[in-house]
Amino acid sequence: MPDSPLKQAFLEGMSRAPASVSIVTTDGPAGRAGVTVSAMTPVSADGDAPTMLVCMNEAASALPPLLENGCFCINVLRTDQHGISDVFSGRKPAPGDDRFNSATFETAATGAPCLADAVVSFDCELVSAEKIGTHHVCIGAVRAVHVSSEGAPLLYGMRSYLRAEKH
C-alpha cells in the first residue's frame, strides 16, 4: 500500500530537520545489542538525575535486549564515524558478523557498551518505555556522561550525512 500524502509530507519535512546520529547500545542478561538512531533528545536536567529519550522501531533487533537489560548508552557519533552508523543501521555488513567489531567500546557504569571515542556518551538506566504506533519511546535516567574534547557531531538530514559548521 502506498504511503499517504500526509506521511510523504511528514518524511520530506523531517528530512529538512537535521538530527545528530547516535548508536544506542545495551548489554546485560539479554545480551549485547545496538542500533543507529536519530530520534534522541534530552528530556530534563532536573530531578534526581537528568533524563534522555530515544525512539526505537518495534522491529529493531536491539529493542528487546534493551527493554530486558534495563540500560542503554546513547553514543553521539563524530563526523568521521559514518561507517559505524552504517554498520549499526544494517546498511553495511558487520566485521566478523558482530557490529561491535566496528569500533572500540568500554563498559559503562550500567553495563552498556560505551563508544570509546564518541563526541559524547550518555549512560542511562531505563525508567520508562511506552509503545506509540510502531516505535517505543524509551526514557532513561542518566547515570554517567562521557564528553570528548575533540570532534563535531555527525548529522543526518536531506537523506544524507551532514557536518556541523561553527560560525
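Residues numbered from 1 in each chain as written. Predicted model: local features only at pLDDT ≥ 70, side-chain atom pairs only at ≥ 80, totals over all residues. Heavy atoms only, no water.

Chemist: Please explain the pattern of salt bridges as it appears in this structure.
Modeler: Working definition: two side chains of opposite charge can pair if their charged atoms are close together. Overall, the coordinates contain ten salt bridges when judged by the stated rule. Between Asp 117 and Arg 78 there is a salt bridge, and its shortest N-O distance comes to 3.2 Å. Of the two residues, Asp 117 sits in the loop between strand 8 (113-115) and strand 9 (120-132) while Arg 78 sits in the loop between strand 6 (71-76) and helix 3 (82-89), which places them 39 residues apart along the sequence. Take Asp 117: its relative accessible area is 35%, and that puts it in the partly exposed class. It is possible to trace a salt-bridge network through shared partners that takes in Glu 12, Arg 16 and Arg 159. (Salt bridge = Lys/Arg side-chain N within 4 Å of Asp/Glu carboxyl O. Helix = DSSP H or I, 4+ residues; strand = E, 2+ residues; numbered from the N terminus. Buried < 20%, exposed > 50% of the residue type's maximum accessible area, 1.4 Å probe, protein only.)

Chemist: Any chance you could explain the sheet that holds strand 3 (residues 33-37) here in plain terms?
Modeler: Hydrogen bonds between backbone groups are what pair the strands of a sheet, and the pairing can be parallel or antiparallel. Spatial ordering of the open sheet is given by 3-2-6-9-10-5-4, a layout of seven strands whose pairing is antiparallel. Sheet topology places strand 3 and strand 4 (40-44) at the edges, where each strand pairs with a single neighbour. Neighbour-to-neighbour, the strand axes of the sheet open up by a mean angle of 35°, direction not taken into account. Examined bridge by bridge, strand 6 and strand 9 share six bridges and lie antiparallel to one another. Note that in strand 9 the partner of Ile 74 across the bridge is Phe 122. Helix 3 rests against strand 2 (22-26) and strand 3 of the sheet, and its axis sits at about 115° to strand 3. (Pairing = 2+ DSSP bridges. Axes fitted to C-alpha atoms, helices over the stretch in contact; angles between N-to-C directions. Contact = heavy atoms within 4.5 Å.)

Chemist: I'm lost on the nonpolar core in this one. Help?
Modeler: Soluble, globular proteins show a tendency: their nonpolar side chains are buried together. Counting residues in each nonpolar core, the largest one holds 22 residues, and the members touching the most others are Val 24, Met 56, Phe 72 and Ile 74. Listed by contribution, the elements that provide at least two residues to this core are strand 3, strand 5 (51-57), helix 2 (63-69), strand 6, strand 9 and strand 10 (135-147). Element by element, the count of residues in this core is highest for strand 9, at four residues. Excluding anything up to four places from it in sequence, Phe 72 contacts Val 24, Thr 25, Val 54, Leu 66, Ala 112, Phe 122, Asp 123, Cys 124, Leu 126, Cys 138, Ile 139 and Gly 140. In this structure, Val 21, Phe 100, Phe 105 and Leu 115 belong to the second largest nonpolar core, which totals eleven residues. (Core = buried A, V, L, I, M, F, W, Y, C linked by side-chain atoms within 4.5 Å.)

Chemist: What's the story with unusual backbone geometry in this structure? I'm lost.
Modeler: For residues other than glycine, phi is negative in most cases, and the peptide bonds are mostly trans. In this structure, Asp 97 is a non-glycine residue whose phi angle is positive, near 60°. Checked against the element boundaries, Asp 97 lands in the loop between helix 3 and strand 7 (105-107). In the Ramachandran plot, Arg 159 falls in the positive-phi region, its phi being about 65° despite a non-glycine side chain. Along the chain, Arg 159 turns up in the loop between strand 11 (154-157) and strand 12 (160-163).

Chemist: Looking at this structure, I do not really get the pairing of strand 6. What am I missing?
Modeler: The side chains of a regular strand alternate, first on one face of the sheet and then on the other. Within strand 6, six of the six residues are buried, which leaves it mostly tucked inside the rest of the structure. In strand 6, alternate side chains face the same way, and those of Cys 71, Cys 73 and Asn 75 on one face and Phe 72, Ile 74 and Val 76 on the other are all buried.

Purely spatial values, then, with no claim about function.
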